[in-house]
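The primary structure of each chain is shown beneath.
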Amino acid sequence: FAFRADCSIMRTAVQRKCRRKGESMIRKEELSYPFIKKEPLTGSFQGMRYHISMGKDCIRACTYPDRFCFVKTPEEEKCFQEFPDSPDSMPAILEWLNGRIAFYQK
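Described in the following lines is the structure provided in the data block. Since this is a predicted model, take the numbers as computed values, not measurements.

1. With respect to helix H3 (residues 90-104)
Over its 15 residues, H3 runs 21 Å from end to end, which matches the ideal 21 Å to within 8%, given 1.5 Å per residue. What H3 keeps buried is the set Met90, Ile93, Leu94, Trp96, Leu97, Asn98, Arg100, Ile101 and Tyr104. If you follow the buried residues of H3, they end up packed against helix H2 (33-38), strand E1 (41-45), strand E2 (48-54), strand E3 (58-65) and strand E4 (79-84).

2. Section: the packing of aromatic side chains
Within this structure, the stated rule accounts for 4 aromatic pairs. Among the aromatic side chains, those forming a connected cluster through ring pairs are Tyr64, Phe70 and Phe80. Stacked on the ring of phenylalanine 70, the Lys or Arg lysine 78 has its end atom at 3.8 Å from the ring centre.

Scoring rules and cut-offs
- Residues numbered from 1 in each chain as written.
- Predicted model: local features only at pLDDT ≥ 70, side-chain atom pairs only at ≥ 80, totals over all residues.
- Heavy atoms only, no water.
- Helix = DSSP H or I, 4+ residues; strand = E, 2+ residues; numbered from the N terminus.
- Expected span 1.5 Å × (residues − 1).
- Buried < 20%, exposed > 50% of the residue type's maximum accessible area, 1.4 Å probe, protein only.
- Contact = heavy atoms within 4.5 Å.
- Phe/Tyr/Trp six-rings, centres within 6.5 Å; stacked < 30°, edge-to-face > 60°.
- Lys NZ or Arg CZ within 6 Å of the ring centre and 35° of its normal.

Rendered as structure tokens:
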């Protein structure tokens, strides 16, 4: 538990530093098109979880509350957005995710 507590303290400090600088916490380095092509990418930040996966001919991004995992979260609590199946979509996905953070902050 001590290690986990230290990680939480460090993460909180990083979040405060990013807020002071006006930066977003979800960074472009965290989104990998080749990874998403192979399997879903998941993450979380300040009460929001996200799930990014390949659709038939698009990339599907989803945000939902940080209470349950993607599978257990009711569909009505999920917000989906579709993007073109292209590496060039990564900046648009990042912008959409960072825009959704405010909705989940308490």
